[in-house]
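Results of the structural survey
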Amino acid sequence: MTLKNKLNITDQVALAKAEERISKKKAKQLFDSGDIAKAEAGTFAGLSFIHAYLFEDIYDFAGKIREVNIAKDNFRFAPLMYLKQSLEYIDTMPQSSFDAIIEKYVEMNVAHPFREGNGRATRLWLDLMLKKEIKQMIDWNLVDKDDYLSAMQRSVVKDTEIKALLKQALTDQIHDRTLFMKGIDVSYYYEGYSEFKTEEL
Ligand SMILES: Nc1ncnc2c1ncn2[C@@H]1O[C@H](COP(=O)(O)OP(=O)(O)O)[C@@H](O)[C@H]1O
Ligand SMILES: [Mg+2]
């Protein structure tokens, strides 16, 4: 079953392609317009801004807290009952060091506030915090897909793997447009979307 969408697409493959094309274009626009600066670093409001920006032309739930419980590989993300409370707590978590920022990122992943698109939106939110607080960001091309996904699965129990994996990929090139566009492509590749190059949209 495809998610209900504004494009009225019912074909899974067609929806995946349209979602990739439209939201990657929006990701590019987020950087080129300077709108990324409007997203508050380290809060749910900031993450919601990014999620809405990417997906507002595709889904009604863009930027909005999910209304269903979700699980992946036997892991249940925050139950609806505690989701709001959990997001309020995450807003208050510190973000002044690399370790604190990754811990906050891991908590946000456990919250998984949206119906879909958490991975892609939250990685942008992570980079926003890293840029603002420690003047660095992740060069996602240096983070292998399988290593990343297994470290994220593991992160709900122990965060040492994800910290080590992301630490070796830190870069000072935080204003580099090519690196940003490439990062979007890699982030989408993690989630199975690799039909279009952001730079070319
Ligand atoms: N078993 C798991 N345990 C914890 N986190 C996971 C697990 N599987 C995936 N994730 C995280 O969830 C993200 C995918 O969430 P999802 O809402 O589908 O985002 P997207 O639509 O952008 O792919 C992954 O990038 C990863 O960070
Ligand atoms: Mg997904």
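Anyway, here's the lowdown on the structure attached to this text. (Residues numbered from 1 in each chain as written. Chains lettered and ligands numbered in written order. Predicted model: local features only at pLDDT ≥ 70, side-chain atom pairs only at ≥ 80, totals over all residues. Heavy atoms only, no water.)

Some thoughts on the layout of surface pockets
Of the pockets and cavities examined, the largest pocket occupies roughly 560 Å³. Take the lining of the largest pocket: its biggest share by element is five residues, from helix H5 (residues 118–134). Partitioned by chemical class, the residues of the lining of the largest pocket number 12 nonpolar, seven polar and seven charged. (1 Å grid on protein atoms, 1.4 Å probe; cavity = no way out; pocket = protein on both sides within 12 Å on 5 of 7 lines; lining within 4 Å. Points joined across faces, edges and corners; volume = space filled by probe spheres on them. Helix = DSSP H or I, 4+ residues; strand = E, 2+ residues; numbered from the N terminus. Nonpolar A, V, L, I, M, F, W, Y, C, P; charged D, E, K, R; others polar.)

A closer look at the environment of Asp147
Turning to its location among the elements, Asp147 is positioned in helix H6 (residues 145–155). Between the C-alpha atoms of Asp147 and Ile162, which are 15 residues apart in sequence, the distance is 8.7 Å.

Regarding the site of ligand 1
The local shell around ligand 1 holds 16 residues, among which Asp73, Glu116, Gly119, Arg120 and Glu191 are the closest. Between Glu191 and ligand 1, the recorded distance is 2.5 Å, taken from a side-chain N or O atom to an oxygen atom. Burial of ligand 1 by the protein amounts to 95% of the accessible area it has alone, namely 580 Å². Placement of ligand 1 is best described as lying within the largest pocket. At the level of secondary structure, the elements contributing two or more residues to the shell around ligand 1 comprise H5 and H6. In terms of residues, the shell around ligand 1 owes the most to one element, H5, which gives four residues. Broken down by class, the residue content of the shell around ligand 1 amounts to four nonpolar, six polar and six charged. (Near = heavy atom within 4 Å. Polar contact = N/O pair within 3.5 Å; in protein donor to acceptor, adjacent residues only side chain to side chain. Areas by Shrake-Rupley, 256 points an atom, 1.4 Å probe, with all protein chains shown as cover. Sits in = over half its atoms within 2 Å of the grid points.)

Overview of the side chain of Asn118
With respect to the helices, strands and loops of the structure, Asn118 is situated in helix H5. Contacts of Asn118, omitting those with residues within four sequence positions, involve Ile70, His112 and Pro113. (Contact = heavy atoms within 4.5 Å.)

Considering the pattern of salt bridges
Scanning all chains against the criterion turns up 16 salt bridges. Here Asp35 ties to Lys38 by a salt bridge, and the two come within 2.9 Å at their closest N and O atoms. For Asp35, a relative accessible area of 14% translates into the label buried. Residues participating in the shared-partner salt-bridge network are Glu19, Glu116 and Arg120. (Salt bridge = Lys/Arg side-chain N within 4 Å of Asp/Glu carboxyl O. Buried < 20%, exposed > 50% of the residue type's maximum accessible area, 1.4 Å probe, protein only.)

Thoughts on the nonpolar core
Among the nonpolar cores identified, the biggest contains 57 residues, and Ile50, Leu126, Trp140, Val143, Tyr148, Ile162 and Leu166 are the most heavily contacted of them. Every element with two or more residues in this core is listed here: helix H1 (12–32), helix H2 (44–55), helix H3 (80–92), helix H4 (98–111), H5, H6, helix H7 (160–167) and helix H8 (177–190). Leave out the neighbours within four places in its chain, and Ile50 touches Leu30, Ala39, Ala121, Leu124, Trp125 and Leu128. (Core = buried A, V, L, I, M, F, W, Y, C linked by side-chain atoms within 4.5 Å.)

Re empty space enclosed by the protein
Over the atoms a probe the size of a water molecule is rolled, and this reveals where empty space is left. In this structure the tally under the stated criterion is one cavity of 30 Å³ or more. Here the largest cavity defines a volume of roughly 130 Å³. As for the largest cavity, its lining consists of 15 residues, of which Leu124, Asp127, Trp140, Phe180 and Ile184 are closest to the centre. At the level of secondary structure, the elements contributing two or more residues to the lining of the largest cavity comprise H5, strand S3 (137–138) and H8.

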